[in-house]
Amino acid sequence: MTERSNFGTKIGVILATAGSAVGLGNIWRFPYMAGQDGGAAFILLYFGCILVLGIPGMIAEFIVGRHGAANAARAYYQLGGRRWSVIGYMGAVTSMIILGFYSVIAGWCMQYLVASLFGQIRGDATAVTTYFQTFSTDPVKPLIWTVVFITITHLVVIRGVRGGIEKFSNTLMPTLFVLLLVIVTASCMLPGSERGVEFLFKPDFSKVTRSVFLDSLGQAFFSLSLGTACLCTYASYFSRQTHLLKSAGQIALLDTLVAILAGLMIFPAAFSVGVQPDSGPSLIFVTLPNVFQQAFTPALGYVVAILFYALLVLAALTSTISMHEIGTAMFFEELHISRKKGAVLESLCAVTIGIACSLSVGAADLSIFGKSFLDCCDYLTSNILLPLGSFMTCIFLGWVVPHKVVKDEFTNWGTVSVAFYHVWLFLIRYISPLCITAVFLHQLGLI
């Protein structure tokens, strides 16, 4: 058996793993969640949830992945036997489903990038809405963009860990930050933009409710890709010298920074023209094109729109690369085939799911229980599979895996303070499972 690949540099570890977390959830979901849940108060709760749930959960998956030094299913199997390997398999299936429908949305972003370049997204709110509805329900164009996006992802993944994932992450993540900063600067210079900044950073605690708290908990959970086996898979490429606690903290910081910058990109511009950001696809495909046209001069609005959709494409790509790698690693290691053949199998599965999701938006009647196939995939993964996978990982690390194994991995064999370990163990045994259960019940509408 050939020696397994590893990330080549410390910065490669951080940027690649942060890239797996940074995606449309930061740039799309975070701003509209903050918008509907009170702005700064939601953000403060979100910070707390990152510390209590996010970072401990990341470390748990890191421990499984690095110790196993294999794909997610085999890593869980090595620590707990066949019964617990189901967590890894479930994570691979979850990521495959997400890759399928996520690529549909990413394909829409690519279409809007091209349309922005040619100045096709123009006119009043009705015209912009009509453009989105016409494109998204077209039976052919969205399919083409979905396949194109999965193909780009495939071409990165087949190059391997260092030559593909790490190399591209080292380029994509700095580029993403530069684009974010450029748009943030343009947005914050608009007349009246200070109201958007105040909304983000001046908390109104009267708006804090149980629902807002659970929303912030859920956003922290989903933003860091917990429960997808992504962090476990990437950790399998960590060296034994990688500081798991420090790495988790740095990745969470980068992920949160992108979310805050996304808020600074959207809210000042929206408030300057008196528009409240909407939720769902309408935010990035209907609301923001209108905001750009109203807030900026035609020339500057043209540039900002191009930069914005380029940013979305890059953010989506950093996430789809990681989701693709989960299945690719599992296929080629468990089926004993080449990495390229494993990547082909993963791509074919994702394309099949993506086609069904794309057609279900309007071109074909593919619905389950009154929801489109795309919405069903989103609901199944976000509300059931992700919380379940993360909950089982907490129970597994906290109560099943031998204490010495967990302690050695967490402390890097005695080089990290044991005091931090005991705090983490308490969180992962008691607090995180309770928080995840609350998120799970909230997502199902039971609390």
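See the structure shown above.
Reading the values: rules and limits
Residues numbered from 1 in each chain as written. Predicted model: local features only at pLDDT ≥ 70, side-chain atom pairs only at ≥ 80, totals over all residues. Heavy atoms only, no water. Helix = DSSP H or I, 4+ residues; strand = E, 2+ residues; numbered from the N terminus. Rg over C-alpha atoms; globule rule 2.2 N^0.38 Å. Buried < 20%, exposed > 50% of the residue type's maximum accessible area, 1.4 Å probe, protein only. Contact = heavy atoms within 4.5 Å. Areas by Shrake-Rupley, 256 points an atom, 1.4 Å probe, with all protein chains shown as cover. Lys, Arg positive; Asp, Glu negative; His and termini not counted. Charge placed at Lys NZ, Arg CZ, Asp CG, Glu CD. Core = buried A, V, L, I, M, F, W, Y, C linked by side-chain atoms within 4.5 Å. Phe/Tyr/Trp six-rings, centres within 6.5 Å; stacked < 30°, edge-to-face > 60°. Lys NZ or Arg CZ within 6 Å of the ring centre and 35° of its normal. Expected span 1.5 Å × (residues − 1). Bend = angle between axes of the 7 residues up to and from the residue.

(A) Here's a closer look at the overall build of the protein. Along its length, the protein carries 18 helices and 2 strands. By the compact-globule yardstick of 22 Å for 447 residues, the protein fits well, its C-alpha radius of gyration being 21 Å. Within the span of the protein, comprising 447 residues, buried residues form 59% of the whole. The contacts in the protein between residues at least 6 apart in sequence include a share of 82% that link residues at least 24 apart. Accessible surface, the protein: about 17,300 Å² in total, of which carbon and sulfur atoms supply 67%. In the protein, the 25 positive side-chain charges and the 21 negative ones have mean positions that sit 9 Å from each other.

(B) The arrangement of the nonpolar core in detail. Counting 154 residues, the largest nonpolar core has Met-265, Phe-308 and Trp-424 as its most contacted members. Top contributing element to this core by residue count: helix α5 (residues 82-117), with 18 residues.

(C) Expanded view of the side chain of Gln-111. Considering the arrangement of structural elements, one finds Gln-111 in helix α5. Residues in contact with Gln-111, not counting those within four places in the same chain, are Tyr-131, Phe-135 and Trp-145.

(D) The arrangement of the packing of aromatic side chains in detail. Within this structure, the stated rule accounts for 28 aromatic pairs. Members of the aromatic cluster, connected to one another through ring pairs, are Trp-108, Tyr-112, Tyr-131, Phe-132, Phe-285, Phe-292, Phe-296, Phe-308 and Tyr-309. If you follow Arg-429 out to its NZ or CZ, it ends over the ring of Trp-399, 4.5 Å from the centre.

(E) How the structure looks around helix α3 (residues 40-68). Under the 1.5 Å per step criterion, the end-to-end length of α3 is 40 Å for 29 residues, consistent within 8% with the ideal 42 Å. Of all the bends in α3, the greatest measures close to 45° and is centred on Ile-50. For α3, the tally of buried residues reaches 22 of 29 residues, placing the bulk of the element in the interior. At the C-terminal side of α3, Ala-69 shows a positive phi close to 45°.

(F) A look at helix α10 (residues 210-223). With 14 residues, α10 extends 20 Å between its outermost C-alpha atoms, agreeing within 8% with the 20 Å of an ideal straight helix rising 1.5 Å per residue. Within α10, 11 of the 14 residues are buried, leaving the element largely enclosed by the surrounding structure. Among the residues of α10, Val-212, Leu-214, Asp-215, Ser-216, Leu-217, Gly-218, Gln-219, Ala-220, Phe-221, Phe-222 and Ser-223 are the ones counted as buried. In this structure, the buried residues of α10 make contact with α1 (10-21), α2 (24-36), α3, α12 (244-272), α16 (373-400) and α18 (418-443).

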